[in-house]
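# Structural overview for review
Now for the letters of each chain:
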Amino acid sequence: MDAYLAVLDRALLDRHLSATEADELLDVAYELGLGLTDAVAIHVGYLRDLARAAWADQVVTDEEQRDIEAVAALLGLDKGLADTVLRDERSAATTPGRVVPSGGLTLRPGDKVVLTGAMTRERDDIIAQATAAGIRVTTGLSKQTTVLVAADPDSLSGKAKRARALAVPVVSEEAFLEVLDGLIRRW
């Protein structure tokens, strides 16, 4: 899905979906074996991420609302869905301890993460910050692990290979710490 999202994000950068970009999205969806239901779910998730980002400052401007409605239209989604997503994400933005996004990365208190590799910050400091944000740092990967935080996200270590086999995202230390900072600021 990351490959599809990357193409989608690039295609919508200028808020215009050209025929070439639409064809590229179809090609990537086909290559990944994504059906219509999968693509629609990804599009709705993308719209939710935009709405969440718009609500990050607790205010959605008319321009942000028009942008979200325009993206919904470009994705073939109903304008009413754009309104629903904005309403849902407003509720989420005002709920303490709720999802805190950084790009596509979201964490909630109670999520499990695993660390691997030589981090730039002291591991004990990272664990203390994660614990303060309600994140559980464990040593073993499982299907319940939210993310593997890697010093090198392209690592071929045993943990990284296992994470990929379990479909657990591998994220950079920097992205993880950014989300942790956001969680702590919201508390």
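Everything quoted here is computed from the prediction, not taken from an experiment.

### Digging into the overall build of the chain
- Along its length, the chain carries eight helices and six strands.
- In sequence order, the chain lays out its α and β elements as α-α-α-α-α-β-β-β-α-β-β-α-β-α.
- In terms of overall size, the chain behaves like a compact globule, its C-alpha atoms giving a radius of gyration of 18 Å where 187 residues would be expected to give roughly 16 Å.
- Once the C-alpha set of the chain is aligned to its principal axes, its extents read approximately 50 × 40 × 25 Å.
- Of the contacts formed within the chain by residues at least 6 apart in sequence, a portion of 65% connects residues at least 24 apart.

### Structural notes on the confidence of the model for the chain
- Looking at the chain as a whole, its pLDDT mean stands at 84, while 90% of the residues score no less than 70.
- Low pLDDT (under 50) marks residues 96–103, which in the prediction has 24 contacts with non-local residues, meaning those over four places away or in another chain.

### Observations concerning helix 6 (residues 123–132)
- Looking at helix 6, one finds that the buried residues are Ile126, Gln129 and Ala130. Across the axial projection of helix 6, the buried residues extend over an arc of 100°, all falling on one side. Of the residues in helix 6, the exposed ones pointing more than 90 degrees away from the buried face are Asp124 and Thr131.
- Of the residues trailing helix 6, Gly134 is marked for its positive phi of about 90°.

### Quick look at helix 1 (residues 2–11)
- Among the residues of helix 1, Tyr4, Val7, Leu8 and Ala11 are the ones counted as buried. The buried residues of helix 1 occupy one face: seen down the axis, they fall within an arc of 100°.

### Here we look at the layout of surface pockets
- Taken as a whole, the second largest pocket spans an internal volume of roughly 240 Å³.
- Taken together, 15 residues form the lining of the second largest pocket, with Tyr4, Leu26, Leu36, Ala39 and His43 sitting closest to its centre.
- Elements with a contribution of two residues or more to the lining of the second largest pocket: helix 2 (19–32) and helix 3 (36–54).
- For the lining of the second largest pocket, the element with the most residues is helix 2, which contributes five residues.

### Comments concerning the nonpolar core
- Among the nonpolar cores identified, the biggest contains 26 residues, and Tyr4, Leu8, Tyr46, Leu47, Ile68, Val71 and Leu75 are the most heavily contacted of them.
- Counting residues per element, the ones that place at least two in this core are helix 1, helix 2, helix 3, helix 4 (62–74) and helix 5 (79–93).
- Excluding residues within four positions of it along the chain, Leu47 makes contact with Ile68, Val71, Ala72, Leu77, Ala82 and Val85.
- Grouped together as the second largest cluster of nonpolar side chains are 16 residues, Val113, Leu115, Leu177 and Leu180 included.

Calculation notes
Residues numbered from 1 in each chain as written. Predicted model: local features only at pLDDT ≥ 70, side-chain atom pairs only at ≥ 80, totals over all residues. Heavy atoms only, no water. Helix = DSSP H or I, 4+ residues; strand = E, 2+ residues; numbered from the N terminus. Rg over C-alpha atoms; globule rule 2.2 N^0.38 Å. Contact = heavy atoms within 4.5 Å. pLDDT = per-residue confidence, 0-100. Buried < 20%, exposed > 50% of the residue type's maximum accessible area, 1.4 Å probe, protein only. Arc of directions from axis to C-beta. 1 Å grid on protein atoms, 1.4 Å probe; cavity = no way out; pocket = protein on both sides within 12 Å on 5 of 7 lines; lining within 4 Å. Points joined across faces, edges and corners; volume = space filled by probe spheres on them. Core = buried A, V, L, I, M, F, W, Y, C linked by side-chain atoms within 4.5 Å.

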